[in-house]
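# Residue-level structural notes
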Amino acid sequence: MSVIMSENEFIKNAASEIHQICDPINIILVSNKINTAGEIVSFKLAVIVKDDTASISELECSLYMKVDSEIPYDLVLYTVSEWDKLKNEIGTFAWKIYNTGAYLYGQRI
């Protein structure tokens, strides 16, 4: 039986761990891959963090090291100012996420 993607335990657990580690403004489910049995086999999350985050690349590495998932996942991180600029530029990945992603934490801003 297929589970709604944002209610999948692997996705919820990863989002919860990310939320506890860095208290982001938003966590958005960007996409997921499903096998022929209807099971989610990987997913991608966008994480929107505060502008005063010291280093996005260090945070990203830290999240990959600390967040354990039984299925593969990818992350894309934006500062809130990057997000605010790019989410409105048609054709950017941020625009696609903003218009099609499922918000797991925070609200669509």
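Residues numbered from 1 in each chain as written. Predicted model: local features only at pLDDT ≥ 70, side-chain atom pairs only at ≥ 80, totals over all residues. Heavy atoms only, no water.

### A word on the state of the cysteines
For clarity, the cut-off: Disulfide: a pair of cysteine sulfur atoms within 2.5 Å of each other.
Taken as a whole, this structure holds 0 disulfides when the rule is applied. Distance from the sulfur of C22, which forms no disulfide, to the nearest cysteine sulfur (C61) is 13 Å.

### What about the side chain of T79?
Note the cut-off: Strands here are runs of E lasting at least two residues and helices are runs of H or I lasting at least four, both read from the DSSP assignment and numbered beginning at the N terminus. To sort residues, take the accessible area from a 1.4 Å probe on protein chains only and compare it with the maximum for the residue type: under 20% means buried, over 50% means exposed, and anything in between is partly exposed. Note on contacts: a residue pair is in contact if any heavy atoms of the two residues lie within 4.5 Å.
Assignment of secondary structure puts T79 in strand β3 (residues 73-79). Residue T79 is classed as buried on the basis of its relative accessible area of 11%. Each residue touching T79, except ones within four places of it in the same chain, is listed here: I48, V49, K50, D51 and I56.

### Quick word on the pairing of strand β2 (residues 40-49)
Applicable threshold: When DSSP finds at least two bridges between two strands, those strands are taken to pair. When the strands point away from the viewer, a crossover counts as right-handed if the route from the first strand across the helix to the second turns clockwise.
Within β2, 8 of the 10 residues are buried, leaving the element largely enclosed by the surrounding structure. Examined bridge by bridge, strand β1 (residues 26-34) and β2 share 8 bridges and lie antiparallel to one another. Residue pairing across strands places I28 opposite A46, the latter belonging to β2. Following β1, the chain reverses through 5 residues before pairing antiparallel with β2; G38 in that reversal takes a positive phi of roughly 85 degrees. Of the pairings in the sheet, the one linking β2 to β3 comprises 7 bridges and is parallel in character. Within the sheet, the bridge partner assigned to I48 lies in β3 and is Y78. The parallel pair β2 and β3, bridged by helix α2 (residues 56-66), forms a crossover whose chirality is right-handed.

### Description of unusual backbone geometry
In this model, D23 sits at a positive phi of 45 degrees, which is unusual for a non-glycine residue. Mapped onto the elements, D23 comes out in the loop between α1 (9-22) and β1. Residue D23 is classed as partly exposed on the basis of its relative accessible area, which comes to 42%.

### A short note on the sheet that holds strand β4 (residues 102-105)
Defined as follows: Axes here mean lines fitted to C-alpha atoms, for a helix over just the part in contact, with angles spanning 0 to 180 degrees between N-to-C directions.
Overall, mixed pairing links the 4 strands, which are arranged β3-β2-β1-β4 in an open sheet. Edge positions in the sheet fall to β3 and β4, since each has one partner strand and no second. Put simply, the sheet's adjacent strands are angled 30 degrees from each other on average, direction ignored. Across the face of the sheet, α2 comes into contact with β2 and β3 while running at roughly 150 degrees to β3.

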